[in-house]
Structure formats: C-alpha cells, structure tokens
Amino acid sequence: MNIKLARLLALTGYLGLIIWVALWHSLLSPHPDLGVGFMLVMWLPWLFIPMKGMIKGNPYTHAWAVYLLMPYFLHSATLLWVDEGERWLALVELLLASTMFIGNTYYAKFRGRELGLSIRKKKEKTKP
C-alpha cells in the first residue's frame, strides 16, 4: 500500500458511496412508504460533510471521516442479514464503505507521516 493507492481507494469509495446511495434510494429501490426526498435527506448529507477536506487531501479529514461511515456499515450489514431482495444493493454499499475506510485510514497514516504530524509529538509537547 502506498499513498497514491490509499488516496485512490479513499476517493473511489467516497465518491462511489455518494453516487450509490443516491441511485439506490432514488432509482434502483426506492422505499415503498417513504418518499425519495426524505430518504436522500436522511442518507446523503453525512457524506457531504467531509467533502472539502477529502477533495483537498487533508489527512485529518480523511482520519475523522471514517467515523461517518458507521451508519453505512450498519445499514449494509443489517440488510445483508435480513433482506434477501436488497442483499446485492447492501453488498455494494458495504464494499464502497470498506474501500473508503481502508483508503482513508492508510492515507491519513501515510500523508500524516509525510507532513510530520503525529499524536506522539503532540503528547510529548504537552508533557511538563
């Protein structure tokens, strides 16, 4: 794994997840009882929060953006378990979220080292 591959994985998973969630809830399998607009407002805004930092390649943004993936992991894992009709949709969501997770984790690590950022350095500076 290198920094370029990590960045490619992070952006592929990130942009793919945005597109996939929009397609899933609007065209591929809209919810029968809830409106398309409601579903998109419920699932998409969280993915737009880190957009500026992800596009710029900010390692800090890549690091904390993995926390925003938890609802997508849980949603896909739950549907894989209980819903045979949407199992393939959930599998794609899980693969994209996992790709973003792995890419973000390694990119933040490698780019942070490149820039000289470290938690250890911050801890050492604050010791009396």
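None of the values given here were measured: they were computed from a predicted structure.

## Remarks on a nonpolar patch on the surface
1) Next: Among the surface-exposed residues, M1, L5, L8, F101, I102 and Y106 lie close enough to one another that they form a single nonpolar patch of about 540 Å² accessible area.
2) Next: Take the nonpolar patch: its biggest share by element is three residues, from helix 7 (residues 87–115).

## Side note on the packing of aromatic side chains
Given two aromatic rings, one states the distance between the centres and the angle between the planes to describe the pair.
1) Next: All chains considered together, the criterion is met by three aromatic pairs.
2) Next: Considering the side-chain rings of F73 and F101, the 6.1 Å spacing of their centres and the 80° angle between planes classify their relative orientation as edge-to-face. Highlighted residues: F73 in helix 6 (residues 70–82) and F101 in helix 7, separated in sequence by 28 residues.
3) Next: Plain terms: the ring middles of Y106 and F110 are 5.8 Å apart, the flat faces sit at 35° to each other, and that makes the pair tilted. Residue Y106 and its partner F110 are both found in helix 7; the two are separated by four residues, about one turn of the helix.
4) Next: Using a relative accessible area of 21% as the deciding quantity, one classes F110 as partly exposed.

Rules used in this analysis
Throughout, a residue's number is its position along its own chain's written sequence, starting from 1. Given that the model is predicted, a residue must reach a pLDDT of at least 70 before its local features are reported, and side-chain atom pairs must reach 80 or more before they are shown or counted; all residues, however, enter totals for whole chains, interfaces and linings. Computation of side-chain values covers all heavy atoms of the structure but excludes hydrogens and water. Patches in this entry comprise residues that are over 30% relatively accessible and not in a salt bridge; like charges within 9 Å are linked, as are nonpolar side chains (Val, Leu, Ile, Met, Phe, Trp, Tyr) within 5 Å. Here the accessible surface of atoms and residues is derived via Shrake-Rupley with a 1.4 Å probe, and residues count as covered only by protein chains that are part of the display. Salt bridges are defined by distance alone: a side-chain nitrogen of Lys or Arg within 4 Å of a carboxyl oxygen of Asp or Glu. We count a stretch as a helix when DSSP gives it H or I for four or more residues in a row; a strand needs E for two or more, and each element gets its number in order from the N terminus. Between rings of Phe, Tyr and Trp, where Trp is taken as its six-membered ring, a pair exists when centres lie within 6.5 Å; planes separated by under 30 degrees are stacked, by over 60 edge-to-face, and by other angles tilted. The buried label applies to any residue whose accessible area, calculated with a 1.4 Å probe on protein chains only, is under 20% of its type's maximum; exposed applies above 50%, and partly exposed to all values in between.

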